[in-house]
Amino acid sequence: MTVQENLTTLNINPVLEESWKQVMKEEFTKTYFLELKKFLLQEKAEGQILYPAGSLIFNAFNLTPFNDVKVVILGQDPYHGDGQAHGLCFSVPDGVKPPPSLLNIFKEIKSDLGNEIPVLGNLERWSKQGVLLLNSLLTVCANQPASHHKKGWEQFTDKVIETISKEKSGVVFLLWGRFAQDKELLIDHSKHFILKAAHPSPLSSYNGFFGCKHFSKTNEILLQQKKAAINW
C-alpha cells in the first residue's frame, strides 16, 4: 500500500464540510501537518490503537460548519477509553456512560437552567445548533492520555481558533480550566465574548465551575445579538 493510500485509509486527508475546507485549506499542505500525518501512520504501523476512529477525527467540523459557529467549547484531547471518543470534546456516543466531567456539565446545566440530566452523553445536538466542540488534540493512543501532545494538532487547532476570531464576530468562547484559558491569547476580545471558569473535572469543579452559569449567560449573549439560543 502506498503512503497516499495509507493516509486515505487513516482519513487524515480530511474530507471537510465546504466552509471549513475553504478557511483551513492552506494548513493541510504545511510541513507540520505532513509530519503529523507521518507520525499517525507510524503509530498505526507499530500497532497502536488510535481514538477516535479515522472517520470521526474531524467530526466537530463536519457537524458544525464554519458559517454556523456561534459558541466554542474547548477541550484538551479525546477520551482514551474504548468506544468513548467520537470527535467532539466532552461528548460520548450513544450507549456510553457519561464520564465524570460531562456529568458535572449536566449538573451545572440543571442548576443553571433547570434541565433534567440526560441519560445520554452524546452532544451532537449541541454541535448541530452551532456549538463547536473542539479538542486541542484530535487523536490519542488507547489508554494513554495526551499521548499526541506536541505532534502538530495544537498548531492546527490554534489556527482554527485564530481563524474563527479573525473571520467571525460575536462568538461565545467557553474556556474551562487553565489549558483552555491559555488559548485566550488567540481570541480578539473586541469582537468576541469569553467566559472563563474552572474545569468541570471532579478535581476542580467545586473551585468555580459549579455556579458559573455559563449556559444561561451564553444564551443571553446570543439573544442580545438576535441569534437563536442553544437548547442545552
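Structural data are supplied above this passage.
Note that the structure is a prediction, hence the values are computed from the model and not measured. (Residues numbered from 1 in each chain as written. Predicted model: local features only at pLDDT ≥ 70, side-chain atom pairs only at ≥ 80, totals over all residues. Heavy atoms only, no water.)

A.B. asks: Explain the environment of E116 residue by residue, including any values.
C.D. replies: Mapping E116 onto the fold places it in the loop between α5 (100-113) and α6 (124-127). The class of E116 is exposed, set by a relative accessible area of 60%. Each C-alpha atom, one on E116 and one on H148, is 35 Å from the other, the two residues being 32 residues apart in sequence. (Helix = DSSP H or I, 4+ residues; strand = E, 2+ residues; numbered from the N terminus. Buried < 20%, exposed > 50% of the residue type's maximum accessible area, 1.4 Å probe, protein only.)

A.B. asks: Help me get a handle on the side chain of K183, residues and values and all.
C.D. replies: Tracing the sequence through the fold places K183 in the loop between α8 (177-181) and β6 (193-197). Discounting residues that sit within four places of it in the chain, K183 has contacts with L74, S136, D158 and I161. (Contact = heavy atoms within 4.5 Å.)

A.B. asks: Could you give an account of the sheet that holds strand β2 (residues 71-75), naming the residues involved and the relevant values?
C.D. replies: Taken in spatial order, the four strands make up an open sheet running β3-β2-β5-β6, and their pairing is parallel. Edge positions in the open sheet fall to β3 (131-135) and β6, since each of these has one partner strand only. Here the strands of the sheet are splayed against their neighbours by 20° on average, with no regard to which way each runs. Relative to strand β5 (residues 172-176), helix α9 (residues 214-224) is tilted by about 165°, and along the sheet it contacts β2, β5 and β6. (Pairing = 2+ DSSP bridges. Axes fitted to C-alpha atoms, helices over the stretch in contact; angles between N-to-C directions.)

A.B. asks: So what's going on with α5? Which residues, and what values?
C.D. replies: Spanning 14 residues, α5 covers 20 Å between terminal C-alpha atoms, matching the ideal 20 Å at 1.5 Å per step. Listed as buried for α5 are S101, L102, N104, I105, F106, E108, I109 and D112. Packed against the buried residues of α5 are α6, β5 and α9. (Expected span 1.5 Å × (residues − 1).)

A.B. asks: Could you give me a rundown of the environment of S19, with the residues and numbers involved?
C.D. replies: By secondary structure assignment, the location of S19 is in helix α2 (residues 18-24). With 191 residues separating them along the chain, S19 and F210 place their C-alpha atoms 35 Å apart. Ignoring sequence-local partners within four residues, the contact set of S19 consists of P65, F66 and N67. Here the side chain of S19 touches E17 through a polar contact of 2.5 Å, side chain to side chain. (Polar contact = N/O pair within 3.5 Å; in protein donor to acceptor, adjacent residues only side chain to side chain.)

A.B. asks: Which residues make up the pairing of β3, and what values do they have?
C.D. replies: Of all five residues that make up β3, five are buried, and the element is covered over most of its length. Judged by which residues are buried, β3 turns out to be covered on both faces: V131, L133 and N135 on one side and L132 and L134 on the other are all buried. Relative to β3, β2 runs parallel, the two sharing five bridges. Across the sheet, V71 pairs through a bridge with V131, a residue of β3.

A.B. asks: Which residues make up the packing of α5 against α9, and what values go with them?
C.D. replies: It is at 8 Å that the axes of α5 and α9 come closest, and there the two elements cross at 60°. Residues I105, E108, I109, D112 and L113 of α5 form the contact with α9, whose own contacting residues are H214, F215 and S216. Of the residues assigned to the contact of α5 with α9, the class counts are four nonpolar, two polar and two charged. (Nonpolar A, V, L, I, M, F, W, Y, C, P; charged D, E, K, R; others polar.)

A.B. asks: So, the packing of aromatic side chains: which residues are in play, and what are the values?
C.D. replies: What the rule picks out here adds up to 20 aromatic pairs. Between W20 and F66, the aromatic rings sit 5.1 Å apart at their centres with planes inclined by 75°, giving edge-to-face as the arrangement. Taken together, the residues span a long stretch of sequence, with W20 in helix α2 and F66 in the loop between α4 (59-63) and β2 at a distance of 46 residues. Among the residues examined, W20 registers a relative accessible area of 0% and is labelled buried. Each ring, one from W153 and one from F156, has its centre 6.1 Å from the other, and the planes form 70°; the classification is edge-to-face. One end of the pair is W153 and the other is F156, both in helix α7 (residues 153-167) and three residues apart, which spans about a single turn. Residue W153 is classed as buried on the basis of its relative accessible area, which comes to 0%. Aromatic ring contacts, followed pair by pair, group W20, F28, Y32, F33, F58, F61, F66, W153 and F156 into a single cluster. The positively charged end of K168 is found above the aromatic ring belonging to F66, 5.2 Å away from the centroid. (Phe/Tyr/Trp six-rings, centres within 6.5 Å; stacked < 30°, edge-to-face > 60°. Lys NZ or Arg CZ within 6 Å of the ring centre and 35° of its normal.)

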